[in-house]
Amino acid sequence: MTELAIAKKDLNKRGFLDIDVDPTMDLYEEINKLKKEKNAIILAHYYQESEIQDIADYIGDSLGLSQQAAATDAEIIVFAGVHFMAETAKMLSPEKKVLLPDLKAGCSLADSCPPHLFRKFKEKYPDHVVVSYINCTAELKTLTDICCTSSNAVHVINSIPEDKGIIFAPDRNLGAYLIKKTGRDLVLWNGTCMVHEIFSNEKITKLQMRRPDARLIAHPECENHILEKADFIGSTSQLLRYTKESEHDAFIVATESGIIHQMQKASPEKEFIPAPPNNETCACNDCPHMKLNTLEKLYLCMKHELPEIHLEDWVIEQGRASIDRMLEISRKAGL
Ligand code: 13P
Ligand code: SF4
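A brief structural summary. (Residues numbered from 1 in each chain as written. Chains lettered and ligands numbered in written order. Predicted model: local features only at pLDDT ≥ 70, side-chain atom pairs only at ≥ 80, totals over all residues. Heavy atoms only, no water.)

Another aspect to go through is the packing of helix α13 (residues 236-245) against helix α14 (residues 259-266). Close contact between α13 and α14 brings their axes to 10 Å; oriented N to C, the two are set at 25 degrees. When the interaxial angle is binned, α13 and α14 end up roughly parallel. At the point where α13 passes α14, the crossing takes the right-handed sense. Between α13 and α14, the contacting residues are T236, L239, L240, T243 and K244 on the first element and I259, Q262, M263 and A266 on the second. Of the residues in the contact of α13 with α14, the class split is five nonpolar, three polar and one charged. (Axes fitted to C-alpha atoms, helices over the stretch in contact; angles between N-to-C directions. Helix = DSSP H or I, 4+ residues; strand = E, 2+ residues; numbered from the N terminus. Parallel < 35°, antiparallel > 145°, perpendicular 65-115°, else oblique. Left-handed = near helix turned anticlockwise from the far one by under 90°. Contact = heavy atoms within 4.5 Å. Nonpolar A, V, L, I, M, F, W, Y, C, P; charged D, E, K, R; others polar.)

On the basis of which strands lie adjacent, the open sheet formed by four strands has the order β6-β5-β7-β8 and parallel pairing. Each of the sheet's edge strands pairs with one partner strand only, and the pair in question is β6 (146-148) and β8 (186-188). Strand-to-strand twist of the sheet, defined as the mean angle between neighbouring strand axes without regard to direction, takes the value 30 degrees. Bridge count between strand β7 (residues 166-169) and β8: three bridges; the pairing is parallel. Bridged to I166 within β8 is L186. Contacts from helix α7 (residues 115-123) reach β5 (129-133), β7 and β8 within the one sheet, and its direction differs from that of β7 by about 160 degrees. (Pairing = 2+ DSSP bridges.)

Glancing now at the nonpolar core. Of all hydrophobic cores here, the largest spans 67 residues; its most connected members are F79, V131, F168, A254 and M326. Residues within four places of F79 in sequence aside, it is in contact with L43, L65, M85, A86, A89, L99, L100 and P101. Formed by 24 residues, the second largest nonpolar core is a distinct cluster that contains L11, I19, L34 and L99. (Core = buried A, V, L, I, M, F, W, Y, C linked by side-chain atoms within 4.5 Å. Buried < 20%, exposed > 50% of the residue type's maximum accessible area, 1.4 Å probe, protein only.)

The structure is reproduced here in structure tokens:
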């Protein structure tokens, strides 16, 4: 068997094509060639490693990435992000080939809400509208009325009539933040993101005392005690915009560290300090799922058009409406 045949056979077990890449190869050049040859577009989330961000056609937050996936006329969408993002792209553009460099790039939030358990939970609130954070599986989207991202969650909640009860899944931290922001009484699913729960309250407080000049900026997936001390709360794209427009020169960044690459590029004269995690042995706030994608895996996946995202027709049919509603609310809100 050839190396490619073995790698294809192994794909489901490994999650990626495990083929040696010539270390002298100029991966940037090869990937750019493949993009043109195959009419492919690379969509990358801000949490991807810097070298992937630098070769992407579009870098953005979950909302921007969905909007791009819905609008692109490329034949192949290469998703440099995690599994639920690539699934969302497939739901929005089912006729296109959607590739993910590593199928094992999952998400702790999506994993925290298994559809069979959520179905039972939902049965307890038959009259409630279900709003799900886009960080959930395609199957969960089939049980959802409206999806949201951290950029549009407030707009989505406010679009629901006041007399309607709302279930919010799967992120209890974003849910608690939305209860405060909108004054609505949401029924929360008890899920969290492993990256945004790692920040140390004590170390951040000490850092703020040492650096009173630095603004604390936080993603709403963080726990309430972090959000309460934040100077600004927002999605990744909102945090990036804030750092560009702010008159301040230093920021403590309480979200995944990949976003700092774009912040530093946009404001080279400013200082960005990753918020310190609880962990004593590691100073990084990397998402282990996001960081499974590498430039080598991106190259291999474009060359061999594998791994590909496949979804059953019923999942696309029943799940897509929740994403379309979200995109419509965002369009009306000018997002
Ligand atoms: P946004 O980029 O939409 O803020 O989402 C952050 C995130 O956790 C993606 O996994
Ligand atoms: Fe999921 Fe958190 Fe990683 Fe985003 S940062 S992909 S929410 S585990």
